[in-house]
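Residue-level listing of the chains:
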Amino acid sequence: MSHSAAQRVGAEAIGTALLVAAVVGSGIMAQALAGGNEAIALLANTLATGAMLYVLILTLGPVSGAHLNPAVSAVFALRGELAWGTALAFFVAQVAGGIGGTLLAHAMFDQPLLQVATHARGGAGQWLSEAVASFALVFTILGTARARPEAAPGSVALVIVAGYWFTASTAFANPAVTLARAWSDSFAGIAPVDVPMFVVAQVLGAGLAALAAGAFGWHPPPAPPPPLAGRLGEERQ
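In this report, the structure presented in the accompanying data block is examined. Since the structure is predicted, the reported quantities are computational estimates derived from the model, not experimental observations. (Residues numbered from 1 in each chain as written. Predicted model: local features only at pLDDT ≥ 70, side-chain atom pairs only at ≥ 80, totals over all residues. Heavy atoms only, no water.)

## Concerning the overall build of the protein chain
Thinking step 1. Along the protein chain, the regular secondary structure elements total nine helices and zero strands.
Thinking step 2. Its C-alpha atoms give the protein chain a radius of gyration of 19 Å, near enough to 18 Å, the size a compact globule of 237 residues would have.
Thinking step 3. Seen through its principal axes, the protein chain has C-alpha atoms that stretch 75 × 35 × 30 Å.
Thinking step 4. In the protein chain, buried positions account for 46% of the 237 residues.
Thinking step 5. A fraction of 76% describes how many contacts in the protein chain between residues 6 or more apart in sequence connect residues 24 or more apart.
Thinking step 6. One way to put it: in the protein chain the 8 positive side-chain charges average out to a point 12 Å from where the 10 negative ones average out. (Helix = DSSP H or I, 4+ residues; strand = E, 2+ residues; numbered from the N terminus. Rg over C-alpha atoms; globule rule 2.2 N^0.38 Å. Buried < 20%, exposed > 50% of the residue type's maximum accessible area, 1.4 Å probe, protein only. Contact = heavy atoms within 4.5 Å. Lys, Arg positive; Asp, Glu negative; His and termini not counted. Charge placed at Lys NZ, Arg CZ, Asp CG, Glu CD.)

## As for the pattern of salt bridges
Thinking step 1. One pass over the structure, following the stated rule, counts two salt bridges.
Thinking step 2. When the shortest N-O distance is used, the salt bridge between E81 and R79 registers 2.7 Å.
Thinking step 3. Note that R148 and E150 form a salt bridge whose closest N and O atoms lie 3.2 Å from each other. Of the two residues examined, R148 and E150, each falls in the exposed class. (Salt bridge = Lys/Arg side-chain N within 4 Å of Asp/Glu carboxyl O.)

## Section: unusual backbone geometry
Thinking step 1. Despite not being glycine, D110 shows a phi value in the positive range, around 55°.
Thinking step 2. Within the secondary structure, D110 sits in the loop between helix 4 (84-108) and helix 5 (124-147).
Thinking step 3. One non-glycine residue, A171, lies in positive phi territory at about 55°.

## Things to note about the nonpolar core
Thinking step 1. Ranked by internal contacts, the top residues of the largest apolar core, which has 44 residues, are L53, L137, V138 and I160.
Thinking step 2. Broken down by secondary-structure element, the contributors of at least two residues to this core are helix 1 (5-33), helix 2 (38-64), helix 3 (70-78), helix 4, helix 5, helix 6 (152-166), helix 7 (175-181) and helix 8 (195-215).
Thinking step 3. The dominant element in this core, judged by the number of residues it contributes, is helix 1, at seven residues.
Thinking step 4. Counting five residues, the second-largest nonpolar core is a separate cluster that includes F172, A182, I190 and V195. (Core = buried A, V, L, I, M, F, W, Y, C linked by side-chain atoms within 4.5 Å.)

## Structural notes on the environment of L128
Thinking step 1. Tracing the chain through its elements places L128 in helix 5.
Thinking step 2. According to the relative accessible area criterion, L128 is exposed, its value standing at 57%.

## Some remarks on the packing of helix 3 against helix 5
Thinking step 1. Running from N to C, helix 3 and helix 5 point in directions that differ by 50°, and their axes come no closer than 11 Å. Judged by the inter-axis angle, helix 3 sits oblique to helix 5. Taken as a pair, helix 3 and helix 5 cross one another with a handedness that is right-handed. For the pair helix 3 and helix 5, the contacting residues are V72, V75 and F76 in the first and L137, V138, I141 and L142 in the second.
Thinking step 2. Split into classes, the residues belonging to the contact of helix 3 with helix 5 amount to seven nonpolar, no polar and no charged. (Axes fitted to C-alpha atoms, helices over the stretch in contact; angles between N-to-C directions. Parallel < 35°, antiparallel > 145°, perpendicular 65-115°, else oblique. Left-handed = near helix turned anticlockwise from the far one by under 90°. Nonpolar A, V, L, I, M, F, W, Y, C, P; charged D, E, K, R; others polar.)

Shape descriptors only; they carry no functional weight alone.
Next comes the structure, spelled out in structure tokens:
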């Protein structure tokens, strides 16, 4: 089934909103219930995010590809698998959806809708972590798409779950989510001053993953041939 451009863009907006609502909302809930135990809070935040990501990719993958991430959309555009006009529309939808998800989470927990994060996440270790997390995410997406597309929901969710724990930054790996989390002064927040370097690191990591995928021969699949009826029609002409 084919979907219209509006449906695809809408899927990216809704999906990113629900993803960020899960990240921020579970962070608020975890902080409230963990009794100061940051490990338990992070574990709760991890599980909610991974579960939501799995469901969103399973649900919206057939509609828009469920990128939910400007870095992922940019890589697909660079590889010729997504038109740049569509990618730009996705960027806008993802950023707007992400901010909407933050506001939704605040509303659900009766918090002020507009907040500015104060959680500092700067430094070389954090930037390297974001580059590594973004590399792992995009590398996983491209490799899984080539070998086992049906495994994409699980593999992408699992690489983010792992990233929460093996990176110092807890694997934001997504410029739209990073920007959205700057507007939540919660466990999941990131101070606005730290956003630009996170985004730079994410873009760099995603670009390196695209290069690595090319080195492994994970090139975009060739365009399908025209249907038999179309070929016969051309031959008659």
